[in-house]
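Residue-level structure breakdown
Below are the chains, spelled out letter by letter.
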Protein chains: 2
Amino acid sequence: MVKILLDAMGGDNAPASNVKGAVLALAKDKELYLILTGRQNEIEAELKKYSYDKTRLEIVDCPDVVSMNDIPTEAVKRKQSSLITAYWMLKKQDDICGLVTAGSTGATIVGGQLILGRIRGIKRPALCPAIPNVRGGVTLLADCGANAECKSVMLCQFALLGSAYATAAFGIENPKVGLLNNGTEEHKGDPLRQETYKIMSSMSGINFAGNVEGRDITIGDCDVVVADGFSGNVALKSIEGCGKLVLGIMKRELSSSVSSKIGYLFIRKAIKRMRAQLDFDKVGGALLLGVKKPVIKSHGTSKGETIANSIANAVNVYRGNLISKVEALLEKANLDAITVSDE
Amino acid sequence: MVKILLDAMGGDNAPASNVKGAVLALAKDKELYLILTGRQNEIEAELKKYSYDKTRLEIVDCPDVVSMNDIPTEAVKRKQSSLITAYWMLKKQDDICGLVTAGSTGATIVGGQLILGRIRGIKRPALCPAIPNVRGGVTLLADCGANAECKSVMLCQFALLGSAYATAAFGIENPKVGLLNNGTEEHKGDPLRQETYKIMSSMSGINFAGNVEGRDITIGDCDVVVADGFSGNVALKSIEGCGKLVLGIMKRELSSSVSSKIGYLFIRKAIKRMRAQLDFDKVGGALLLGVKKPVIKSHGTSKGETIANSIANAVNVYRGNLISKVEALLEKANLDAITVSDE
């Protein structure tokens, strides 16, 4: 059994979507055992709508919920909330393998650092979503928002963390790592990028492919793109927004003539599949890379299917032995020896 | 007559596409007069393919071309190149209204600063493309790559420059300005963003709408999005890449079944219109904001139509009195008085 915690109260559609996601996930993976944290009566009311394997689901009653308006560092002190209860259980119980939440991103990051703790040697965790690319696979983007300000040693660690994630969860051997920059030439970017480029070029443990641009996240051939949390967030959100722009243009154009309206009847299913691929939220959440156990931050707007994907992703990361892969790469990289000026 | 210079040798498809663009532009605007700089014999060979109003086109022979590999600060010293010749003519001849180039971005920026010169009071020029948005209009993004590192006073000036551009070229009165950040809340971002937010909140001359995220460039309701050149470039390129991802997915899905192949026959025209809207390069290039006359940097891959759009955009900016609008806003804003710590 793989035991995963689900914050049943986090997100805009909680607990309904969370409970639905739990039921879907249990049906798909017979080795999965779920612990839902949250208001027991609300969760039970939702669970009544479904039939599921009751021997693989338990509820831990938590009266409190972390809201999106709570200050993260304050929120982690409230031990009776569904998210923070889950974090403490994750930390203390060896048999629990991971955590999924669609709640506050800030509280998820702070809880990961202050309660669960970082992998030995890791300076800061990174949020890492998997973004669909033209090759039909995914590009991992680390960091996409946990650290607005970064030093080069952090970026180098994100490269290691992302590489380990690519291997553990997506089976990519020797993943190619790109550094997100405003041009591909070696000298490009600000001093942070220039320094990081130099370190990464001579670093062991990663397969460094040089600088990449924003477009390479979706069309390039890197498996991992490393960014500070500010520009990584800008990239991720820009891609999400463009997906919405396209769907808007498509809707307008397909209803603009009789011919295209007829055509639409034939391509409805294809459009539906396109929509699903462009709905980046569904891919399975962002992994909080660098903490001691797999923690998945699912989008705040997650519906049942997305929650189920995030749970499956957490299981996948656990089964892929992410944490030991990170530790092995960290040792190989020997970053302390090559870091030049940041610390 | 509106006299515009065209660097006939800049870009991947020069001079063929540039000459084609010139001919297209002359046909569309009877008040347009074009001066092409470049290798006279090559330009004339291309011109022979078309019929056009010969009284509104002249060629200035330049033996040299700035290549993408030239170091920009060195390139601007080579006065016989098509781009630098054009810059010197633009500076010295009062009756010339603007310049269009698809050549080296770096040389275009450096030439704008060192030869043409900045508008009095402007610290650094910004590259500003117009990106299609869900509303069916455009969002102006300043800066998208001229300045990898920025101070808050520069970002505040980009807000003024972008506002003047929105009014002058797109007729938007009191344009809404957003600050590109990794979240919309007031406290979000790094110290640069936090300081800039404070200054912009109390600044005259702009209609500040607060922080925006990457997604707001294409789906939000701001007319101008202000960014440092690093994250602005990441946003622009991420959006471009996503457009390509979508076209790739569309192609795959529309050829995936008999039904969708039939449907495609009915929606071919709609797809063509979608493609055109997603081809962001076609919109008409990026304006080099903050220099003394309109300079348009067209994409390096520009084809004839794109060059023609960029020329039309330069004319539009000139006719909209951009420079005097910038000067008026600069006076109104009185940035020196409110800038807190950057200078």
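Only a predicted model underlies this, so the values are computations on that prediction, with no experimental measurement involved.

The rules behind each value
- Residues numbered from 1 in each chain as written.
- Chains lettered and ligands numbered in written order.
- Predicted model: local features only at pLDDT ≥ 70, side-chain atom pairs only at ≥ 80, totals over all residues.
- Heavy atoms only, no water.
- Salt bridge = Lys/Arg side-chain N within 4 Å of Asp/Glu carboxyl O.
- Buried < 20%, exposed > 50% of the residue type's maximum accessible area, 1.4 Å probe, protein only.
- Patch = residues over 30% accessible without salt bridge, like charges linked within 9 Å, V, L, I, M, F, W, Y side chains within 5 Å.
- Areas by Shrake-Rupley, 256 points an atom, 1.4 Å probe, with all protein chains shown as cover.
- Helix = DSSP H or I, 4+ residues; strand = E, 2+ residues; numbered from the N terminus.
- Pairing = 2+ DSSP bridges.
- Axes fitted to C-alpha atoms, helices over the stretch in contact; angles between N-to-C directions.
- Phe/Tyr/Trp six-rings, centres within 6.5 Å; stacked < 30°, edge-to-face > 60°.
- Lys NZ or Arg CZ within 6 Å of the ring centre and 35° of its normal.
- Parallel < 35°, antiparallel > 145°, perpendicular 65-115°, else oblique.
- Left-handed = near helix turned anticlockwise from the far one by under 90°.
- Contact = heavy atoms within 4.5 Å.
- Right-handed = clockwise from strand over helix to strand, strands pointing away.
- Buried area = accessible area lost by both parts, 1.4 Å probe.
- Polar contact = N/O pair within 3.5 Å; in protein donor to acceptor, adjacent residues only side chain to side chain.
- Least-squares fit on C-alpha atoms with pLDDT ≥ 70 in both.
- Lys, Arg positive; Asp, Glu negative; His and termini not counted.
- Charge placed at Lys NZ, Arg CZ, Asp CG, Glu CD.
- pLDDT = per-residue confidence, 0-100.
- Expected span 1.5 Å × (residues − 1).
- Core = buried A, V, L, I, M, F, W, Y, C linked by side-chain atoms within 4.5 Å.
- Disulfide = S-S within 2.5 Å.

It is worth spelling out the pattern of salt bridges at this point. Pairing of side chains with opposite charge becomes possible as their charged atoms draw close. Taken as a whole and judged by the stated rule, the model has 32 salt bridges over all chains. Here glutamate 74 of chain A makes a salt bridge to lysine 77 of chain A, at a shortest N to O gap of 3.4 Å. The class of glutamate 74 of chain A is partly exposed, set by a relative accessible area of 44%. Aspartate 190 of chain A is the salt-bridge partner of arginine 193 of chain A, the closest N and O atoms lying 2.9 Å from each other. Grouping residues by exposure puts arginine 193 of chain A and aspartate 190 of chain A together as buried. What emerges from the salt-bridge pattern is a single network uniting Glu213 and Arg215 of chain A together with Lys237 and Glu240 of chain B.

Taken together, the side chains of Val258, Ile262, Tyr264, Leu265 and Phe266 of chain A together with Val258, Ile262, Tyr264, Leu265 and Phe266 of chain B define a hydrophobic patch exposed on the protein surface, amounting to about 880 Å² of accessible area. Those elements that place two or more of their residues in the nonpolar patch are helix H10 (258-278) of chain A together with helix H10 (258-278) of chain B. By secondary structure assignment, the location of valine 258 of chain A is in helix H10.

Before going further, it helps to examine the sheet that holds strand S9 (residues 224-226) of chain B. All names here are of chain B. Reading across from one edge, S3-S2-S1-S4-S11-S10-S5-S6-S9-S7-S8 is the order of the 11 strands in this open sheet, with mixed pairing throughout. Two strands close off the open sheet at either side, each with one partner strand: strand S3 (57-61) and strand S8 (207-212). Across the sheet, the mean angle separating the axes of adjacent strands is 25 degrees when strand polarity is ignored. The pairing of strand S7 (residues 176-180) with S9 spans three bridges and is classified as parallel. Bridging from a neighbouring strand, valine 177 pairs with valine 224 of S9.

The subject of this paragraph is the packing of aromatic side chains. Inspection of the entire model under this criterion finds five aromatic pairs over all chains. A cation over a ring is seen here: lysine 54 of chain A above tyrosine 52 of chain A, with NZ or CZ 4.7 Å from the ring centre.

All names here are of chain A. Contact geometry of helix H6 (residues 152-170) with helix H12 (residues 322-333) gives a least axis separation of 9 Å together with a crossing angle of 140 degrees. Relative to H12, the element H6 is oriented oblique. Here H6 and H12 pass one another in a crossing that is right-handed. Across the interface between the two elements, Gln157, Leu160, Leu161, Ser163, Ala164, Tyr165, Thr167 and Ala168 from H6 touch Leu322, Lys325, Val326, Leu329, Leu330 and Ala333 from H12.

The next point concerns the pairing of S7 of chain B. With four of its five residues buried, S7 of chain B lies for the most part within the structure. Once you follow S7 of chain B into helix H7 (residues 191-201) of chain B and on to S8 of chain B, the crossover reads as right-handed.

Bringing the environment of glycine 111 of chain A into the picture now. Residue and element names in this part refer to chain A. Tracing the backbone through its elements, the reader meets glycine 111 in helix H5 (residues 105-116). The sequence separation of glycine 111 and glycine 145 amounts to 34 residues, and the corresponding C-alpha distance is 15 Å. Not counting chain neighbours up to four residues away, the residues in contact with glycine 111 comprise Val76, Tyr87 and Leu116.

This brings us to the interface of chain A and chain B. Contact residues are listed per partner, giving 54 residues for chain A and 54 residues for chain B. Broken down residue by residue, the surface that chain A buries against chain B is led by Arg215, Phe230 and Leu245 of chain A, which jointly contribute 14%. Where chain A packs against chain B, one counts six salt bridges. Here lysine 237 of chain B and glutamate 213 of chain A are joined by a salt bridge, their closest N and O atoms 2.3 Å apart. Counting the contacts that link chain A with chain B gives 16 residue pairs in polar contact (both at pLDDT 80 or more).

Turning next to the relation of the copies chain A and chain B. Rotating chain A by 180 degrees and translating it 0.0 Å along the rotation axis places it on chain B, where the RMSD comes to 0.1 Å. Expressed as a symmetry operation, the mapping of one chain copy onto the other fits a two-fold axis. Among all residues of chain A, the minimum C-alpha distance to the rotation axis is found for glycine 263 of chain A, at 2.0 Å. In this assembly the copies share their binding face: 100% of the residues contributing to the interface of chain A also contribute to that of chain B.

This part takes up a positive patch on the surface. Residues Lys79, Lys91, Lys92 and Lys292 of chain A make up a contiguous surface patch of positive charge. Within the secondary structure, lysine 91 of chain A sits in helix H4 (residues 82-92).

Chain-level pLDDT for chain A is 92 on average; 97% of the residues reach the 70-or-more range. Across the predicted assembly, pTM comes out at 0.91 and ipTM at 0.89.

Now for H6 of chain A. Helix length check: H6 of chain A, at 19 residues, gives a terminal C-alpha distance of 26 Å against a target of 27 Å (1.5 Å per residue), a fit within 8%. Here H6 of chain A lies mainly inside the structure; 18 of its 19 residues are buried.

This part is about the side chain of asparagine 181 of chain B. You can see asparagine 181 of chain B is positioned in the loop between S7 and H7. Since its relative accessible area comes to 0%, asparagine 181 of chain B is described here as buried. Side-chain polar atoms of asparagine 181 of chain B contact the backbone nitrogen of glycine 189 of chain B, separated by 3.4 Å. Contacts of asparagine 181 of chain B, omitting those with residues within four sequence positions, involve Phe230, Asn233 and Val234 of chain A together with Lys188, Gly189, Arg193, Asn211, Val212 and Glu213 of chain B.

All names here are of chain A. Taken in spatial order, the seven strands of this open sheet run S3-S2-S1-S4-S12-S11-S5, and their pairing is mixed. With partners counted over all chains shown, the strands left at the sheet margins are strand S3 (57-61) and strand S5 (126-128), one partner each. Averaged over all neighbouring strand pairs, the angle between strand axes comes to 25 degrees, with direction disregarded. In the packing of helix H2 (residues 40-47) onto the sheet, the strands contacted are strand S2 (32-38) and S3, and the crossing angle to S3 comes to about 150 degrees. Seen against the sheet, helix H11 (residues 304-319) touches strand S1 (2-7), S2, strand S4 (96-101), strand S11 (286-289) and strand S12 (295-297) and runs at an angle of roughly 140 degrees to S1.

Another aspect to go through is the pairing of S3 of chain A. All names here are of chain A. Direction of pairing for S2 relative to S3: parallel, over a ladder of five bridges. Directly across from leucine 36, in S3, lies its bridge partner isoleucine 59. For the crossover from S2 across H2 to S3, the handedness is right-handed.

Right, let's get into the nonpolar core. Tyr87 and Leu141 of chain A together with Tyr87 and Leu141 of chain B are the most contacted members of the largest nonpolar core, which has 104 residues in total. Beyond its immediate sequence surroundings of up to four residues, leucine 141 of chain B is in contact with Leu127, Cys128, Pro129, Ile131, Ile217, Val225, Ala227, Gly232, Ala235 and Leu236 of chain B. Residues Leu32, Leu57, Met154 and Ile323 of chain B belong to the second largest nonpolar core, which totals 70 residues.

Further remarks concern the environment of aspartate 29 of chain A. All names here are of chain A. The residue aspartate 29 is located in the loop between helix H1 (16-28) and S2 in this model. Sequence spacing of aspartate 29 and valine 2 is 27 residues, and the spatial spacing of their C-alpha atoms is 9.6 Å. When residues no more than four places from it in sequence are discounted, the contact partners of aspartate 29 are Arg56, Val315 and Arg319.

Residues and elements named next belong to chain A. This model, assessed by the stated rule, comprises zero disulfides over all chains. Cysteine 144 carries a free sulfur, and the closest cysteine sulfur to it, the one in cysteine 128, is 7.5 Å from it. Given the relative accessible area of 6%, cysteine 144 is considered buried. In this model cysteine 150 remains outside any disulfide bridge; the closest cysteine sulfur is found in cysteine 156, 11 Å from its own.

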